[in-house]
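Each chain is listed here by its residues.
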Amino acid sequence: MCIRDSVSYDGITLHDGYYNPRQRITNYLTQFSGVTAEHLQDAPFFEGSFKQDIFRLLDGSIIVGYDLQRDFESIGYECEPERRRDLKCYPCIQTADQPIGLRRLAKQHLNIDIQNGFGHDSVEDASVSMQIFRLFESEWEKQLEEMLR
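Our subject in this report is the structure included herewith. If you're wondering where the values come from, they're calculated on a predicted model, not measured in any experiment. (Residues numbered from 1 in each chain as written. Predicted model: local features only at pLDDT ≥ 70, side-chain atom pairs only at ≥ 80, totals over all residues. Heavy atoms only, no water.)

A few words now on the overall build of the chain. Summing up its helical and strand segments, the chain has six helices and four strands in all. Secondary structure of the chain in N-to-C order comes out as β-β-α-α-α-β-α-β-α-α. Computed over C-alpha atoms, the radius of gyration of the chain comes to 16 Å, within 12% of the 15 Å expected from 2.2 N^0.38 for 149 residues, which places it in the range of a compact globule. Taken along the three principal axes of its C-alpha coordinates, the chain extends 45 × 35 × 30 Å. Sorting the 149 residues of the chain into buried and exposed places 36% on the buried side. (Helix = DSSP H or I, 4+ residues; strand = E, 2+ residues; numbered from the N terminus. Rg over C-alpha atoms; globule rule 2.2 N^0.38 Å. Buried < 20%, exposed > 50% of the residue type's maximum accessible area, 1.4 Å probe, protein only.)

Printed below as a string of structure tokens:
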């Protein structure tokens, strides 16, 4: 079960919605996710044309976010490492032994507070991830290009 949101490079929301897994949900982790059983009552299953639409949105795109591997695993999506821009893994952002969470990164680099309410706002998380990426984009892409040579 999850909310999967995507925003464009300019911060425009491309997808915002819930989907139902086929597996039985044993814990919604509502205190972190903000998701309850009611949110999923009429949500589609992540299959068929709905899944194809999401994968089509992702295919060929550079994907920016925080902890992307977990997201990809949850939807069964294979994404080449060179198309990932994961804030959790980028050394110029992550300088501590333990990864710095998105909430702290937002405060540190954008001077904004996020994730203060009941659960996460996944559109906000996606938008903030993109804003932070854009701060480091030219350096990030240059380093990636050198690594791929």
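Further notes follow.
Another point: the pattern of salt bridges. This model, assessed by the stated rule, comprises eight salt bridges. Ionic pairing is found between Arg-134 and Asp-10, a salt bridge with its closest N-O pair at 3.7 Å. Of this pair, Arg-134 sits in helix α6 (residues 122-148) while Asp-10 is found in the loop between β1 (2-7) and β2 (13-19), placing the two residues 124 residues apart along the sequence. Its relative accessible area of 39% is what places Arg-134 among the partly exposed residues. (Salt bridge = Lys/Arg side-chain N within 4 Å of Asp/Glu carboxyl O.)

Ranked by internal contacts, the top residues of the largest apolar core, which has 17 residues, are Leu-87, Ile-93, Ile-132 and Trp-140. Contributing elements (two or more residues each) for this core: α5 (102-110) and α6. The element that contributes the greatest number of residues to this core is α6, accounting for seven residues. Setting aside anything within four residues of it in sequence, one finds Ile-93 in contact with Leu-87, Ile-100, Leu-105, His-109, Ile-132, Phe-136 and Trp-140. Tyr-19, Ile-54, Ile-75 and Tyr-77 belong to the second-largest nonpolar core, a separate cluster that totals eleven residues. (Core = buried A, V, L, I, M, F, W, Y, C linked by side-chain atoms within 4.5 Å. Contact = heavy atoms within 4.5 Å.)

Within a pair of aromatic rings, the relevant descriptors are the distance that separates the centres and the angle that separates the planes. Per the counting criterion, the structure on display carries eight aromatic pairs. Their ring planes at 35° and their centres at 4.5 Å tell us that Tyr-19 and Phe-46 sit as a pair that is tilted. Here the residue Tyr-19 occupies a position in strand β2, and Phe-46 occupies one in the loop between α2 (37-40) and α3 (48-58), the gap between them amounting to 27 residues. Assessed through its relative accessible area of 4%, Tyr-19 is described here as buried. Between Phe-72 and Tyr-77, the aromatic rings sit 5.6 Å apart at their centres with planes inclined by 50°, giving tilted as the arrangement. The class for Phe-72 is buried, based on a relative accessible area of 4%. (Phe/Tyr/Trp six-rings, centres within 6.5 Å; stacked < 30°, edge-to-face > 60°.)

Right, let's talk about unusual backbone geometry for a bit. You will see that Leu-29, though not glycine, has its phi angle at about 50°, which is positive. Topologically, Leu-29 is positioned in the loop between β2 and α1 (30-33). Unusually for a residue other than glycine, Asn-111 sits at a positive phi of about 55°.

This part takes up the packing of α5 against α6. Between α5 and α6, whose axes approach to 10 Å, the crossing angle comes to 50°. Relative to α6, the element α5 is oriented oblique. For the pair α5 and α6, the sense of crossing is left-handed. Across from Leu-102, Leu-105, Ala-106, His-109 and Leu-110 in α5, the residues of α6 making contact are Asp-125, Val-128, Ser-129, Gln-131, Ile-132, Leu-135 and Phe-136. (Axes fitted to C-alpha atoms, helices over the stretch in contact; angles between N-to-C directions. Parallel < 35°, antiparallel > 145°, perpendicular 65-115°, else oblique. Left-handed = near helix turned anticlockwise from the far one by under 90°.)

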